[in-house]
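Chain and residue survey
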Amino acid sequence: MDTYPKDGVTMIKRRSQILCVWFVLSDLLFTAAAWIAAYYMRFETGWVPLVKDPPDISLCWSNLPLVVLLAGIAYRLTGQYAIHRLRRFREEVVCVLKGTFLLSLLVMATVFFLHARYESRVTMLFFVVLTATSVLAARRLSCVAIRYLRSRGYNQTHAVIIGTGRVARKTARALLNANWMGIKNLGFVDDQPSNWTGDLDILGTTADLPQLIRQYGIEHVFIALPMTRFHEARHVYDVLAQSLVEVRLVADVPNLAGLSLTTANLDGLPLIGLRESPHFGLNILVKRVMDVVLSSVALVVLSPILCLLAVLVKLTSTGPVFYRQERAGLNGESFFMLKFRSMRVDAEKQTGAVWTQKDDPRRTRFGTFLRSTSLDELPQLINVMMGDMSLVGPRPERPVFVQQFSKTIPNYMARHCVKAGITGWAQVHGWRGNTSLRKRVQYDLYYITHWTPWLDIRIMWMTVFKGLLHRNAY
């Protein structure tokens with residue numbers, strides 16, 4: 001059996017300190033460069049007309065030490081140097097933007113307080129933009145390099161997983177897939193291994209943890225016990241009380257978490273959110289602006305096609321051009337969704353609400369074409385403009401089916417925490433028509449949890465090439 005240096009934890013901590021020092025020096029260097037570059041962009045390039053004589057460059061250089069000092073304070077206060085392996089780049093972006101904003105406020109306040117002769121609002125704007133851009137670019141390049149080295153086996157740390165069940169196996173697979181973090185799972189520790197764990201590398205029991213930590217230089221311990229054994233987590237934590245390792249609890253709540261897990265603090269009491277939508281605050285505003293702008297453009301560009309389809313619907317069958325159908329949208333509230341009529345007027349007079357099926361005899365001749373090309377959905381752009389729907393989101397269902405599915409499909413109602421959409425993540429992956437509802441809900445919940453404006457754009461792009469013509473479009 002291979003052994004590892006007993007001072008492995010110390011070595012790991014030292015490498016983390018080196019990374020932190022690297023980021024500090026890099027941030028301050030690029031901040032200083034941005035301060036000097038902002039002067040030249042403002043007063044030497046001629047991009048912005050001068051209304052008075054420019055200040056001497058010596059004033060810019062004389063203020064540089066103060067700017068660097070304030071940068072160090074601002075970046076430290078906004079958490080830019082809370083370096084750890086599980087940190088994502090999006091968190092880096094938020095911290096850098098907050099740090100740059102705080103730095104600009106500190107610099108302006110200091111200049112005002114000291115009555116400094118070197119002051120320029122345009123220069124300050126250049127400085128903020130250059131600082132944020134250069135620091136983020138440098139950090140991104142550093143992270144790419146670090147992740148590449150870690151994926152090749154450098155800068156590795158060691159971990160063990162407490163447990164041998166489903167959650168423990170998923171944790172091991174996740175660490176293996178995310179090898180850019182540089183956390184290598186050495187094996188599993190469990191007091192109650194079963195006959196089904198013969199394929200796992202079991203290192204011992206929880207009582208062996210202190211020895212295993214010394215022997216292998218372990219820095220991370222993941223407690224991945226099933227919910228029925230969560231009471232054992234306290235025992236594991238007590239065993240690790242004398243060890244300098246990071247301990248993380250992997251929550252075993254797959255059937256409870258309808259959307260995603262969030263954490264909060266209530267007067268020192270940790271709270272775990274099991275069903276919280278990411279669509280709130282500024283996210284709602286961004287999504288609504290996208291819906292209004294893009295649907296307006298689509299209605300103008302597609303107006304000739306819409307008029308032609310309306311005429312053809314009227315000429316090929318008797319009845320109205322549009323079909324208004326009650327659907328369940330945001331928060332389960334009903335609205336009337338518009339479609340080009342593709343069926344006979346009395347299609348549901350005898351049967352009532354029924355599930356759409358292939359080769360539906362109730363369709364009109366032109367309606368078959370509309371359904372197969374998804375062109376019957378275009379009037380829903382009007383629903384988007386009215387605010388009933390979004391361009392992208394879970395497809396709305398009829399209330400009678402919602403009541404039925406909510407009783408038989410887990411987390412089905414979680415789809416209604418966002419606006420329904422004309423197209424969605426499930427639809428562009430083929431889960432439409434008479435296909436698996438469970439898979440459709442799974443894809444819808446993935447979309448809700450991982451929503452970004454770029455994901456919406458990606459889905460709309462995929463809809464053009466994959467969603468309009470599809471074997472399940474009927």
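This write-up is about the structure you can find in this document. (Residues numbered from 1 in each chain as written. Predicted model: local features only at pLDDT ≥ 70, side-chain atom pairs only at ≥ 80, totals over all residues. Heavy atoms only, no water.)

**Re the nonpolar core**
Counting residues in each nonpolar core, the largest one holds 29 residues, and the members touching the most others are Trp35, Tyr75, Leu103, Val107 and Phe127. Going through the elements one at a time, helix H1 (8-43), helix H2 (57-77), helix H3 (89-114) and helix H4 (121-151) are the ones with two or more residues in this core. With 11 residues, H1 is the largest single contributor of residues to this core. One finds Phe405, Ala414, Leu445 and Met462 within the second-largest nonpolar core, a separate group that totals 28 residues. (Core = buried A, V, L, I, M, F, W, Y, C linked by side-chain atoms within 4.5 Å. Buried < 20%, exposed > 50% of the residue type's maximum accessible area, 1.4 Å probe, protein only. Helix = DSSP H or I, 4+ residues; strand = E, 2+ residues; numbered from the N terminus.)

**Structural notes on the pattern of salt bridges**
One pass over the full model with this rule turns up 12 salt bridges. With a shortest N-O distance of 2.9 Å, arginine 229 and glutamate 232 are connected by a salt bridge. Each member of the pair arginine 229 and glutamate 232 is classed as buried. Aspartate 376 is the salt-bridge partner of lysine 339, the closest N and O atoms lying 3.4 Å from each other. (Salt bridge = Lys/Arg side-chain N within 4 Å of Asp/Glu carboxyl O.)

**Side note on unusual backbone geometry**
Look at asparagine 331: it is not a glycine, yet its phi comes out positive at around 60°. With respect to the element layout, asparagine 331 can be found in the loop between strand E8 (322-328) and strand E9 (334-340). For asparagine 331, a relative accessible area of 56% puts it in the exposed group.

**Some words on the sheet that holds strand E4 (residues 218-223)**
One open sheet accounts for 5 strands, arranged E3-E2-E1-E4-E5; its pairing is parallel. Two strands close off the open sheet at either side, each with one partner strand: strand E3 (202-204) and strand E5 (246-249). Direction aside, neighbouring strands of the sheet carry axes that sit 35° apart on average. Taken strand by strand, helix H5 (residues 166-177) contacts strand E1 (157-162), strand E2 (183-189) and E4, and its axis lies near 160° from that of E2. (Pairing = 2+ DSSP bridges. Axes fitted to C-alpha atoms, helices over the stretch in contact; angles between N-to-C directions. Contact = heavy atoms within 4.5 Å.)

**Here we look at empty space enclosed by the protein**
This structure, assessed with the given rule, holds 1 cavity of 30 Å³ or more. Lining the largest cavity, in full, are Ala328, Gly329, Leu330, Pro394, Arg395, Pro396, Arg415, His416, Val418 and Ala420. (1 Å grid on protein atoms, 1.4 Å probe; cavity = no way out; pocket = protein on both sides within 12 Å on 5 of 7 lines; lining within 4 Å. Points joined across faces, edges and corners; volume = space filled by probe spheres on them.)

**A word on a nonpolar patch on the surface**
On the surface, a nonpolar cluster with roughly 790 Å² of combined accessible area is contributed by Leu282, Leu285, Val286, Val289, Val293, Leu294, Val297, Val300 and Val301. Looking at the element boundaries, valine 297 is found in helix H8 (residues 282-316). (Patch = residues over 30% accessible without salt bridge, like charges linked within 9 Å, V, L, I, M, F, W, Y side chains within 5 Å. Areas by Shrake-Rupley, 256 points an atom, 1.4 Å probe, with all protein chains shown as cover.)

**Overview of the packing of aromatic side chains**
Going through the model one piece at a time under the given rule, you end up with 9 aromatic pairs. Centroid distance tyrosine 39 to phenylalanine 43: 5.0 Å. Interplanar angle 50°. Geometry classified as tilted. You can see tyrosine 39 and its partner phenylalanine 43 sitting in helix H1, 4 residues apart, about one turn around the helix. Overall, tyrosine 39 belongs to the buried group, its relative accessible area being 4%. Looking at phenylalanine 43, the relative accessible area reads 12%, which means it is buried. Seen in terms of ring centroids, tryptophan 431 and tyrosine 443 are 6.3 Å apart; in terms of plane orientation they differ by 45°. Their pairing is tilted. A residue pair is termed long-range when its members are at least 10 positions apart, and tryptophan 431 in the loop between helix H12 (425-428) and helix H13 (437-449) and tyrosine 443 in helix H13 qualify at 12 residues. Take tryptophan 431: its relative accessible area is 23%, and that puts it in the partly exposed class. In this structure an aromatic cluster arises from ring pairing among Tyr39, Tyr40 and Phe43. Between the NZ or CZ atom of arginine 139 and the centre of the ring of phenylalanine 23, over which it lies, the distance is 4.7 Å. (Phe/Tyr/Trp six-rings, centres within 6.5 Å; stacked < 30°, edge-to-face > 60°. Lys NZ or Arg CZ within 6 Å of the ring centre and 35° of its normal.)

**Section: helix H11 (residues 399-408)**
Taken as a whole, H11 has its buried residues at Phe401, Val402 and Phe405. One side of H11 holds all its buried residues, which, seen down the axis, span an arc of 105°. Turned more than 90 degrees from where H11 packs its buried face, Gln403 and Lys407 sit exposed. Buried residues in H11 make contact with E8 and H13. (Arc of directions from axis to C-beta.)

**A short note on the pairing of E4**
Of all 6 residues that make up E4, 6 are buried, and the element is covered over most of its length. Of the strand pairs in this sheet, E1 and E4 are connected by 5 bridges, and their pairing is parallel. Considered in E4, the bridge of valine 160 is made with valine 221. Bridge analysis of E4 against E5 gives 4 bridges, and the strand direction is parallel. When the sheet's bridge partners are listed, isoleucine 223 is paired in E5 with leucine 249. Assessed by its sense of winding, the connection that carries the chain from E4 through helix H7 (residues 232-239) to E5 is right-handed. (Right-handed = clockwise from strand over helix to strand, strands pointing away.)

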